[in-house]
Amino acid sequence: MRRPYQYLFSSLVLTTALAAPSAMNAASKPQDNGRQEENHRDDKDRNRVYDRYHKDYHNWDDHEDRAYRGYLEERHRDYRPLAELKQKEQRAYWSWRHSHPDHDNGR
């Protein structure tokens with residue numbers, strides 16, 4: 001006859017063995033950890049900006065700069081680099097940007 005603590009030990013070992021692959025899989029996704037870099041350059045040396053609210057990247061090129069300047073002009077604001085804006089202002093821009101996509105370059 002087995003003692004009750006042996007059942008407890010066996011169930012803990014089984015639980016650990018089953019949970020380990022899930023924990024390792026969850027830890028291997030740095031894209032979803034919410035701490036992505038705001039600005040960086042990709043392998044083609046283009047400036048890319050991470051939109052944390054929509055969880056995607058945007059290439060900061062002439063099209064994006066033109067869209068950003070148009071956004072500022074609509075709101076009668078002076079130009080300030082996006083990185084210098086408060087998070088609330090950046091969120092407002094990205095929300096506007098996703099509702100005003102570029103139709104001429106496949107975005």
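Residues numbered from 1 in each chain as written. Predicted model: local features only at pLDDT ≥ 70, side-chain atom pairs only at ≥ 80, totals over all residues. Heavy atoms only, no water.

A.B. asks: Any chance you could explain the overall build of the chain here in plain terms?
C.D. replies: Broken down by element type, the chain carries three helices and three strands. Looking at the chain residue by residue over its 107 residues, the buried ones come to 20%. Here the analysis covers contacts within the chain between residues at least 6 apart in sequence; of these, 37% occur between residues at least 24 apart. Carbon and sulfur atoms form 52% of the exposed surface of the chain, whose accessible area is close to 8,600 Å². (Helix = DSSP H or I, 4+ residues; strand = E, 2+ residues; numbered from the N terminus. Buried < 20%, exposed > 50% of the residue type's maximum accessible area, 1.4 Å probe, protein only. Contact = heavy atoms within 4.5 Å. Areas by Shrake-Rupley, 256 points an atom, 1.4 Å probe, with all protein chains shown as cover.)

A.B. asks: Explain the pairing of strand 3 (residues 56–59) to me, please; I cannot follow it from the model alone.
C.D. replies: Regular strands have side chains that alternate between both faces of the sheet. Here four bridges tie strand 2 (residues 47–51) to strand 3, and the two strands are oriented antiparallel to one another. Each bridged residue has a counterpart across the sheet, and for arginine 48 the counterpart in strand 3 is asparagine 59. Here strand 2 folds back onto strand 3, and the loop between the two strands holds four residues, one of which, lysine 55, carries a positive phi near 55°. (Pairing = 2+ DSSP bridges.)

A.B. asks: Please explain the nonpolar core as it appears in this structure.
C.D. replies: What tends to happen in soluble globular proteins is that the nonpolar side chains get buried as a cluster. Core analysis: the largest hydrophobic core is formed by eleven residues, namely Val49, Trp60, Ala67, Tyr68, Tyr71, Leu72, Leu82, Leu85, Tyr93, Trp94 and Trp96. When contributions to this core are tallied by element, the ones reaching two or more residues are helix 2 (62–74) and helix 3 (87–99). Among the elements that take part in this core, helix 2 stands out by supplying four residues, more than any other. (Core = buried A, V, L, I, M, F, W, Y, C linked by side-chain atoms within 4.5 Å.)

A.B. asks: In this structure, what is going on with helix 2? I would like to understand it.
C.D. replies: Given 3.6 residues per turn, any residue in an α-helix points the same way as the ones three and four places further on. For helix 2, which comprises 13 residues, the first-to-last C-alpha distance of 18 Å matches the rise-based estimate of 18 Å (1.5 Å per residue) to within 8%. When helix 2 is considered as a whole, its buried residues turn out to be Glu64, Asp65, Ala67, Tyr68, Tyr71 and Leu72. Buried residues of helix 2, viewed axially, fall in a sector of 160°; they line one side. In this structure, helix 2 carries Asp62, Arg66 and Glu73 as exposed residues pointing more than 90 degrees from its buried face. On the buried face of helix 2, the contacting elements are strand 3 and helix 3. For helix 2, the side-chain oxygen to backbone nitrogen distance between the N-cap and histidine 63 is 3.2 Å, and the N-cap itself is aspartate 61. (Expected span 1.5 Å × (residues − 1). Arc of directions from axis to C-beta. Polar contact = N/O pair within 3.5 Å; in protein donor to acceptor, adjacent residues only side chain to side chain.)

A.B. asks: So what exactly am I meant to see when it comes to the side chain of glutamate 64 here?
C.D. replies: Within the secondary structure layout, glutamate 64 lies in helix 2. You can call glutamate 64 buried: its relative accessible area is 0%.

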